[in-house]
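# Close look at the chain arrangement
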Amino acid sequence: MSEDTEVDVEVHEDVTYATRDAGELGLDLFVPAVDDPPLVVYVHGGGWIAETRDNVPEPERYAAEWECAIASVSYRLAAIPDALEDGVEFAIDPANDTPRGVFPDQFVDVKAAIRWLRANADEYGYDATDVAAWGASAGGHLALLAGVVDDVEALAGDAFSEADLEKAVAPDESGAVQAVVDWYGVADLTLVPDDPTDPASLLIGGPKSEREAAFVQASPVTHVSAETPPVLCMHGREDAVVPIEHSRVLFDALDEAGVDAALYELHDRNHVWVTGGVEEIESERVAMDLLTADPTPAQSITETVHLEEGGSATSLIDGTPPAGPDAIERFLERTIE
């Protein structure tokens, strides 16, 4: 859209999309005043144990600039056993009253939010035919999983039962997404430490040495296939929280499966795009500002585009701008608009 164009955005806050035994789950919805804007579903980070759906980069601004509806959704956070509280490094806010649960509750919630948003598209004025999931860190894991597993019940198997994956919210709607934007997400849970206090262990309900099948089944890379939608990954090479190996392993799997994907590696950036140690991390609310600060961060960009015999290649990110809102906007234009 033109930089001179101003688009009004209608804001709907604290909309309940599901009621669980542990409490209500809500979302905030930002709908630009344009005809049938496509939908982006944002999933916040926080190690699956902290933060809220407010942990999102300026959704009203980017809903206007991208002319996309943006929904930032809550999901059940992982519970922290009393015996492990002293060993968990994440700062837990006692005022955070988000309901808690054990995986696959988090995945069930994200899929439920997507289905609810499809069911209510006409009421709120957006087009949910094609949906993009966008997540950061732990939210990147859930957004990726939403992308590689179309139906929530398809995750059932040795590790998780069908009862764990019940579709109680808008069960007749599709939970599939057509594109994924992944910021430094956890793509392969088998790469995390075998430590009961690690956030991934809290998510799954035990360390990987005790729940190996669950760690494999909950890993997005496990489910990559030729049907996986296009993926845009951005990751810092100096990430000390989620090593960049997660995005590299994912990108290789996407390429192997014939899925169009792009990987931005930011050379000197740590988690949430900070240039120093993890103690400098504020939140995803300011993350986009760190990406777009002057000078442009040094970065390498790799793209894999697959085409049938006799076809022609079309880049996922026209013009290949640096990591940031322009790159995401062009990716969304290519995939869901």
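Residues numbered from 1 in each chain as written. Predicted model: local features only at pLDDT ≥ 70, side-chain atom pairs only at ≥ 80, totals over all residues. Heavy atoms only, no water.

Going by the annotation in an unreviewed UniProt entry, the name recorded for the chain is Alpha/beta hydrolase, with Haloterrigena gelatinilytica given as the source organism.

## A word on the overall build of the chain
Counting secondary structure elements, the chain contains nine helices and eleven strands. The C-alpha radius of gyration of the chain comes to 19 Å, within 12% of the 20 Å expected for a compact globule of 337 residues. Taken along its principal axes, the extent of the C-alpha atoms in the chain is 55 × 45 × 45 Å. Put simply, of all contacts in the chain between residues at least 6 apart along the chain, 76% involve residues at least 24 apart. Working note: accessible area of the chain is about 14,100 Å², and carbon and sulfur atoms make up 41% of it. Across the chain, the mean location of the 17 positive side-chain charges is 3 Å away from that of the 70 negative side-chain charges. (Helix = DSSP H or I, 4+ residues; strand = E, 2+ residues; numbered from the N terminus. Rg over C-alpha atoms; globule rule 2.2 N^0.38 Å. Contact = heavy atoms within 4.5 Å. Areas by Shrake-Rupley, 256 points an atom, 1.4 Å probe, with all protein chains shown as cover. Lys, Arg positive; Asp, Glu negative; His and termini not counted. Charge placed at Lys NZ, Arg CZ, Asp CG, Glu CD.)

## What to know about the pattern of salt bridges
In the structure shown here, the tally under the stated rule is 13 salt bridges. In this structure, the salt-bridge partner of Asp14 is Arg53, at a minimum N-O distance of 2.7 Å. Placement of Asp14 in strand β1 (residues 9-20) and of Arg53 in the loop between β3 (38-43) and α1 (59-66) is noted, with a sequence separation of 39 residues between them. Its relative accessible area of 59% is what places Asp14 among the exposed residues. Note on Arg53: relative accessible area 13%, which makes it buried. In this structure, the salt-bridge partner of Arg20 is Asp109, at a minimum N-O distance of 2.9 Å. (Salt bridge = Lys/Arg side-chain N within 4 Å of Asp/Glu carboxyl O. Buried < 20%, exposed > 50% of the residue type's maximum accessible area, 1.4 Å probe, protein only.)

## A look at the UniProt feature "domain: BD-FAE-like" (unreviewed entry) in the chain
With numbering matched to this structure, UniProt assigns "domain: BD-FAE-like" (unreviewed entry) to residues 102-254. Across residues 102-254 one finds 34% helix and 14% strand; the C-alpha atoms that close the span lie 28 Å apart. (UniProt positions renumbered as here; feature names shortened; annotations may be inferred.)

## Details of helix α7 (residues 245-257)
With 13 residues, α7 ought to run about 18 Å at 1.5 Å a step, and its terminal C-alpha atoms sit 18 Å apart, in line with that. Inspection of α7 places His246, Ser247, Leu250, Phe251, Ala253 and Leu254 among the buried residues, and these make up the whole buried set. Considered in projection along α7, the buried side chains sweep an arc of 165° and stay on one side of the axis. Opposite the buried face of α7, at more than 90 degrees from it, the exposed residues are Asp252 and Glu256. Within two residues after α7, Gly258 carries a phi angle of roughly 80°, on the positive side. (Expected span 1.5 Å × (residues − 1). Arc of directions from axis to C-beta.)

## Brief notes about the sheet that holds strand β4 (residues 69-73)
The mixed open sheet is built from nine strands, whose spatial order is β1-β2-β4-β3-β7-β8-β9-β10-β11. Each edge of the sheet is formed by a strand with only one pairing partner; in this case those strands are β1 and β11 (299-304). Averaged over all pairs of adjacent strands, the angle between strand axes in this sheet comes to 15°, irrespective of strand direction. Where β3 and β4 come together, five bridges link them in parallel fashion. Counted as the bridge partner of Val41 is Ala71 from β4. Relative to β1, helix α2 (residues 105-119) is tilted by about 125°, and along the sheet it contacts β1, β2 (23-32), β3, β4 and β7 (127-136). In this fold helix α4 (residues 138-148) packs onto β3, β7, β8 (179-183) and β9 (231-236), with an angle of close to 145° to the strand it touches most, β7. (Pairing = 2+ DSSP bridges. Axes fitted to C-alpha atoms, helices over the stretch in contact; angles between N-to-C directions.)

## Overview of the environment of Thr52
Secondary-structure assignment places Thr52 in the loop between β3 and α1. Residue classification places Thr52 among the partly exposed positions, given a relative accessible area of 22%. For Thr52 and Leu203, which are 151 residues apart along the polypeptide, the C-alpha to C-alpha distance reads 16 Å. Dropping the residues within four chain positions of it, Thr52 is found in contact with His44, Asn96 and Thr98.

## Observations concerning the packing of aromatic side chains
To describe a pair of aromatic rings, one takes the distance between the centres and the angle between the planes. Using the criterion set out here, one finds nine aromatic pairs in the structure. Look at Phe103 and Phe160: their rings are 5.2 Å apart centre to centre, the planes differ by 65°, and that puts the pair in the edge-to-face class. Of this pair, Phe103 sits in the loop between β6 (100-101) and α2 while Phe160 sits in the loop between α4 and β8, placing them 57 residues apart in sequence. When sorted by exposure, Phe103 lands in the same class as Phe160, which is buried. Consider the rings of Tyr184 and Trp273, whose centres lie 5.0 Å apart with planes at 80°: the pair is edge-to-face. Residue Tyr184 is located in the loop between β8 and α5 (199-204), and its partner Trp273 is located in the loop between β10 (261-266) and α8 (287-292); the two are separated by 89 residues in the primary sequence. Trp273 shares its class with Tyr184; the two are buried. Taken together through their ring pairs, the aromatic side chains of Tyr42, Tyr62, Trp66, Trp134, Trp183, Tyr184 and Trp273 make up a single cluster. (Phe/Tyr/Trp six-rings, centres within 6.5 Å; stacked < 30°, edge-to-face > 60°.)

## So, the state of the cysteines
One pass over the structure, following the stated rule, counts zero disulfides. Left without a disulfide partner, Cys68 is nearest to the cysteine sulfur of Cys233, which lies 19 Å away. The exposure class of Cys68 is buried, given its relative accessible area of 0%. (Disulfide = S-S within 2.5 Å.)

## Overview of the packing of α2 against α4
Following both chains from N to C, one finds α2 and α4 inclined at 65°, their axes separated by 10 Å at the closest point. Between α2 and α4 lies a crossing of right-handed hand. Residues Gln106, Phe107, Val110, Lys111 and Ile114 of α2 form the contact with α4, whose participating residues are Leu142, Leu145 and Ala146. Class assignment of the residues belonging to the contact of α2 with α4 gives a composition of six nonpolar, one polar and one charged. (Left-handed = near helix turned anticlockwise from the far one by under 90°. Nonpolar A, V, L, I, M, F, W, Y, C, P; charged D, E, K, R; others polar.)

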